[in-house]
Amino acid sequence: MRVLLLNPPGRRIYIRDYFCSKTTKSNYLFHPVDLVTLSGTLASRHETSVLDCMAERLDPAAAAARIDELDPEVIVALVGSVSWDEDRPFLANQAARGRRVIAIGDVLHEASEQRLTEEPWLEAALHVFSNEDVLAYLDGDRERIEDMTVRDATGAPERLLRLERKQRKGGFRVPRPRHELFPTEGYHFSFARSKRFATVLTDYGCPYPCTFCVIGTLGFQTRPVDDVLEEIDELRARGVKELFFMDQTFGVVRDRGLELCAALAERGDVSWTGYTRPDVADDEMLGAMRAAGCHTVMMGVESADDALLAAYKKGYKSSIIADAFRRAKRAGLRTVGTFIIGLPEETEASLQRTLDLAIGLEMDFMSLNMAVPRFGTPFRKQALDLGLAEASDLVMDQGGADAFLPTQTLDRARMVAMKKAMVRRFYLRPSYLWRRVTGVRSLWELGAQFREGLALLRRNV
Ligand code: SF4
């Protein structure tokens, strides 16, 4: 079959992947990892193409024209709660043109039978992108499907079925992701050391239980290191040596993380950014990552408030975070702290403590995410119980352009104003700007950092 992997068009730059969606917080846009992973699976059996309307900045008319040229029989599309009001009409129009539409995204992650009932253009929903469900579905072999929502038209009325058969744990294999199908222009990654980069996934899901995060609900599986190296070697052969590892905690399976680092260090020509956790990032792991070409490490700080960290099951305290950032600096790595702000217990004082921590730890970048009740998370249930959100609220954004939730003491407007002030106070310190400028390695990087910084500040005036 002719199958198109589609990142649909939108009014703003949306990041829709891994059952999350948001507007970009500056200018960044990386390859959507769901489509990257599915590209290998689909291309192993079908004539597969990719259209990323975000990377190519296509408006709906231009996107529709490109799809007509490709003339797919099946479209596998990303959708997101951030863009649901735009995704629905665009994809419904494609279905009206006789194309089968299958979708994956946060907005379909919960109550998917209801979503399919409401959206007759949508043939089926994928709930995992690291398995062969899409192939089984296109083969018409429902027995092989592990987790999808499908229509059953054998009786009347039609029934919607959530086929959920397998706990995700252990290992998984996917055919080599076909990076070569993706556009070579249009992606930007704030921490990349060179223009061309690739997004690589070496594991799936997360073994931790942070209650606001959907990825912790997906199970946890790892890919064989040899498969990952095959993918990276193919990228290197095409001159792509800058990577973004999308694993949520690099090194969470310690021996495997060290094995991958040793293999990358042996190659000696790869540089990369990855996420890890403060309680995983000991000196040995950070040193191995640095030797393997890692230049930037991102760690979930979330909040400086130990009570908040405990309430949302982060599994560590702020003192552990502080130690990890010091170790990363010692290892010669740039550091990014990612935060979640605007949880119900958030106050002006807790936001101030969070900003003080970010500044005190001399982070190279501070990434603020607004709390949203993500589909499928324990926090969603809590927000609904507290009356902070409605089950019918399908459109939300954690990018920070708006606040979806008020806190118990801050209304939405105050929350947005506080978040913008935090961004300005962090990034507009003269000592910080000096560090940024003197830390770049090339003219390209200087330009890229300047553009990213400008885009970030424009969104936070
Ligand atoms: S916040 Fe990070 S560590 Fe926690 S569940 Fe999500 S991905 Fe895992």
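Being a predicted model, the structure only gives us computed values, none of them experimental. Positions within a chain are numbered from 1, following the residues in the order the chain's sequence is written. It should be noted that, the model being predicted, local features are given only for residues of pLDDT at least 70 and side-chain atom pairs only at 80 or more, the latter also being counted only at that level, while totals for whole chains, interfaces and linings use all residues. Working from all heavy atoms in the structure, the side-chain values ignore hydrogens and water.

Numbering goes from the N terminus for both helices and strands, where a helix is a DSSP run of H or I of at least four residues and a strand is a run of E of at least two. With respect to the helices, strands and loops of the structure, Asp227 is situated in helix α6 (residues 225-237). Each residue gets one of three labels from its accessible area relative to the maximum for its type: buried under 20%, exposed over 50%, partly exposed in between, using a 1.4 Å probe on protein chains only. Asp227 gets classed as buried once you look at its relative accessible area, which sits at 8%. Any pair of N or O atoms that falls within 3.5 Å is considered a polar contact. Within protein, one atom must be able to donate a hydrogen and the other to accept it, and sequence-neighbouring residues count only if both atoms are side-chain atoms. Side-chain polar atoms of Asp227 contact the side chain of Arg173, separated by 2.8 Å.

The next point concerns unusual backbone geometry. Non-glycine residue Arg57 carries a positive phi angle of around 50 degrees. Along the chain, Arg57 turns up in the loop between β4 (47-52) and α2 (60-70). Classification of Arg57 by relative accessible area gives partly exposed; the value is 39%. Phi at Lys313 takes a positive value of approximately 60 degrees, unusual for a residue other than glycine. Mapped onto the elements of the fold, Lys313 is located in the loop between α9 (306-311) and α10 (318-330).

The next point concerns the domain arrangement of the protein chain. For the domain bounds, the source is a domain assignment made automatically or taken from a database. Domain annotation for the protein chain reports domain 1 (2-170) and domain 2 (189-458). Taking only C-alpha atoms into account, the centre of domain 1 sits 26 Å from that of domain 2. At the junction of the two partners, domain 1 supplies 34 residues and domain 2 supplies 39 residues. Interface of domain 1 and domain 2: buried area, both sides summed, is about 3,100 Å²; carbon and sulfur atoms make up 56% of it. Buried area adds together the accessible area that both of two parts lose upon being put together, with accessible area traced by a 1.4 Å probe. Three residues, Tyr18, Lys25 and Arg168, lead the burial of domain 1 against domain 2; their summed loss comes to 23% of the area buried on that side. Here, a salt bridge means any side-chain nitrogen of Lys or Arg that lies within 4 Å of a carboxyl oxygen of Asp or Glu. On the surface where domain 1 and domain 2 come into contact, there are 2 salt bridges. Salt-bridge contacts for Arg380 lead to Glu110; the nearest nitrogen and oxygen are separated by 3.1 Å. Our count for the domain 1 to domain 2 interface comes out at 9 residue pairs in polar contact (both at pLDDT 80 or more). For the side of domain 1 that touches domain 2, the secondary-structure elements that each account for two or more residues are β3 (20-23), α1 (33-43) and α3 (84-96). Side-chain classes follow a simple rule in which Ala, Val, Leu, Ile, Met, Phe, Trp, Tyr, Cys and Pro form the nonpolar group, Asp, Glu, Lys and Arg form the charged group, and the remainder, Gly included, forms the polar group. Among the residues forming the side of domain 1 that touches domain 2, the class breakdown is 13 nonpolar, 11 polar and 10 charged. Residues count as neighbours in contact if any of their non-hydrogen atoms are within 4.5 Å of one another.

In this section: a nonpolar patch on the surface. Nonpolar side chains collect at one region of the surface, where Val437, Leu443 and Leu446 lie side by side and expose about 300 Å² of accessible area between them. If you trace the backbone, Val437 turns up in helix α14 (residues 430-439). Val437 sits in the partly exposed class, given a relative accessible area of 47%. Without a salt bridge and with relative accessible area above 30%, a residue can belong to a patch; like charges are then joined within 9 Å and nonpolar side chains (Val, Leu, Ile, Met, Phe, Trp, Tyr) within 5 Å. Methods summary: accessible areas were calculated by the Shrake-Rupley approach with a probe of 1.4 Å, and residue burial reflects only the protein chains presented.

In spatial order, the strands read β10-β13-β14-β15-β16-β17; together these 6 strands make up an open sheet with parallel pairing. A strand with exactly one partner marks an edge of an open sheet, and here the two such strands are β10 (198-200) and β17 (365-370). Taking each pair of neighbouring strands and ignoring which way they run, the sheet shows an average axis angle of 20 degrees. Strand pairing requires that DSSP identify at least two bridges connecting the strands. Axes here mean lines fitted to C-alpha atoms, for a helix over just the part in contact, with angles spanning 0 to 180 degrees between N-to-C directions.

Time to look at the site of the ligand. We call a residue near a given molecule or strand whenever any one of its heavy atoms falls within 4 Å of it. Close to the ligand lie Cys206, Tyr208, Cys210, Cys213, Gly216, Gln248, Arg277 and Lys314, which account for all nearby residues. Among the residues making up the shell around the ligand, the classes are represented as 4 nonpolar, 2 polar and 2 charged.

What follows deals with helix α7 (residues 254-267). Expected span of a helix: the number of residues minus one, times 1.5 Å. Over its 14 residues, α7 runs 20 Å from end to end, which matches the ideal 20 Å to within 8%, given 1.5 Å per residue. Taken residue by residue, α7 has Arg256, Gly257, Leu260, Cys261, Ala263 and Leu264 as its buried positions. The arc enclosing the buried residues of α7, seen along the axis, measures out at 165 degrees, which places them on a common side. Opposite the packed face of α7, turned more than 90 degrees from it, sit the exposed residues Asp255 and Glu266. Close packing links the buried residues of α7 with β11 (203-205), β12 (220-222), α6, β13 (242-245), β14 (271-276) and α8 (283-291). Arc definition: directions from the helix axis to the C-beta atoms.

Moving on: the layout of surface pockets. Whether a set of points on the 1 Å grid over the protein atoms alone is a cavity depends on a 1.4 Å probe fitting there but being unable to get out, while an open set qualifies as a pocket with protein on both sides within 12 Å along at least five of seven lines; lining residues are those with an atom within 4 Å of a point. Grid points are joined across faces, edges and corners, and a volume is the space filled by probe spheres set on the points. Estimates place the volume of the second largest pocket at around 270 Å³. Taken together, 17 residues make up the lining of the second largest pocket; nearest its centre are His31, Pro183, Thr184, Arg196 and Phe197. By residue class, the composition of the lining of the second largest pocket is 7 nonpolar, 5 polar and 5 charged.

Turning our eyes to something else, we now look at the packing of α6 against α7. The description of two packed helices rests on the angle between their axes and on the distance between the axes. Viewed as axis vectors pointing N to C, α6 and α7 meet at an angle of 30 degrees, and their least axial separation amounts to 11 Å. With respect to α7, the element α6 is oriented roughly parallel. Relative to α7, the crossing made by α6 is right-handed. Residues Val225, Val228, Leu229, Ile232, Asp233 and Arg236 of α6 pack against Arg256, Glu259, Leu260, Ala263, Leu264 and Arg267 of α7. Each angle is binned into one of four classes, with values under 35 degrees roughly parallel, values over 145 roughly antiparallel, values of 65 to 115 roughly perpendicular, and all other values oblique. In this scheme, a crossing is called left-handed if the near helix is turned counterclockwise away from the far one by less than a right angle; it is called right-handed if the turn is clockwise.

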